[in-house]
Every structure is written in C-alpha cells, then in structure tokens.
Amino acid sequence: MIKRFVKLTFVPDKVNDFLDIFEASKKLIRARDGCLHLELLQDTVQPNIFFTLSYWDDADALEMYRHSDLFISTWAKTKILFSDRPQAWSVTVVSET
C-alpha cells in the first residue's frame, strides 16, 4: 500500500470553487479500483492551503487513476485555481506505533 499526500495552494477567493469540485468528485475517486482511502485536510494557519491524503493498493493503481478521464477532467478544473505549484509525495509506512 502507498499513501499519497498532495499539497494544493489556492488563490484565496477560489477556495470555495475547489471545495465544490472536490465535493462533486470525491465519491468517484473513492470508488476507483485500488483507492482505499481519500480525505481532504486544510491548513490551520493558511486556509487557502489544502492537502489530500489518499491510500492506494500500489503505485500501479495510483497511476491508473492519474491517467483516467476522471482525474484529467477534475485536474483541469482544479489547476486553474492554484496560486502556487502543487507538490506531491508518495510514501510507504516504515513503522507504526
């Protein structure tokens, strides 16, 4: 399993537009083969910064999603709202407490 963090920084007055896009697509993303979990997190200091945290069966499942029509259309609507370049990390759990 991999976990994927994506940092998204939006133009402040475009946050609600992003939230509408996320709300409309979250169930479809969660239903994708290989998607085990998806959540949206908001920075406590800068409310225009969000993070998505998703869990995927493996890197292939994530890549299949990233090449899907769902991702391409959602990303096209989302990327025009950014005020900074998005950042992404794929990680595996090394140790749990």
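Structure's up top.
Residues numbered from 1 in each chain as written. Predicted model: local features only at pLDDT ≥ 70, side-chain atom pairs only at ≥ 80, totals over all residues. Heavy atoms only, no water.

**As for a negative patch on the surface**
Residues Asp33, Asp57, Asp58 and Asp60 make up a contiguous surface patch of negative charge. Residue position: Asp57 is located in the loop between strand 3 (49-56) and helix 2 (59-66). Owing to a relative accessible area of 40%, Asp57 belongs among the partly exposed residues under this scheme. (Patch = residues over 30% accessible without salt bridge, like charges linked within 9 Å, V, L, I, M, F, W, Y side chains within 5 Å. Areas by Shrake-Rupley, 256 points an atom, 1.4 Å probe, with all protein chains shown as cover. Salt bridge = Lys/Arg side-chain N within 4 Å of Asp/Glu carboxyl O. Lys, Arg positive; Asp, Glu negative; His and termini not counted. Charge placed at Lys NZ, Arg CZ, Asp CG, Glu CD. Helix = DSSP H or I, 4+ residues; strand = E, 2+ residues; numbered from the N terminus. Buried < 20%, exposed > 50% of the residue type's maximum accessible area, 1.4 Å probe, protein only.)

**Comments concerning the nonpolar core**
Membership of the largest hydrophobic core comes to 20 residues, with the highest contact counts inside it found for Leu8, Phe10, Phe18, Ile29, Trp56 and Tyr65. Contributions of two or more residues to this core are made by strand 1 (2-9), helix 1 (15-30), strand 2 (35-42), strand 3, helix 2 and helix 3 (69-79). It is helix 1 that contributes the most residues to this core, 5 residues altogether. The contacts of Trp56, once residues within four sequence positions are left out, are Met1, Ile2, Arg4, Arg32, Asp33, Gly34, Cys35, Leu36, Ala61, Leu62 and Tyr65. (Core = buried A, V, L, I, M, F, W, Y, C linked by side-chain atoms within 4.5 Å. Contact = heavy atoms within 4.5 Å.)

**So, the pattern of salt bridges**
A full pass over the atoms with the stated rule returns 2 salt bridges. With a closest N to O distance of 3.0 Å, Glu23 and Lys26 form a salt bridge. Residue Glu23 and its partner Lys26 are both found in helix 1; the two are separated by 3 residues, about one turn of the helix. Residue class for Lys26 comes out buried when judged on its relative accessible area of 18%. Arg66 serves as the salt-bridge partner of Glu63, at 3.0 Å between the closest nitrogen and oxygen. Here Arg66 and Glu63 lie together in helix 2, a separation of 3 residues that amounts to about one turn. Residue Glu63 is classed as partly exposed on the basis of its relative accessible area of 32%. On the accessibility criterion, Arg66 (33% relative accessible area) is partly exposed.

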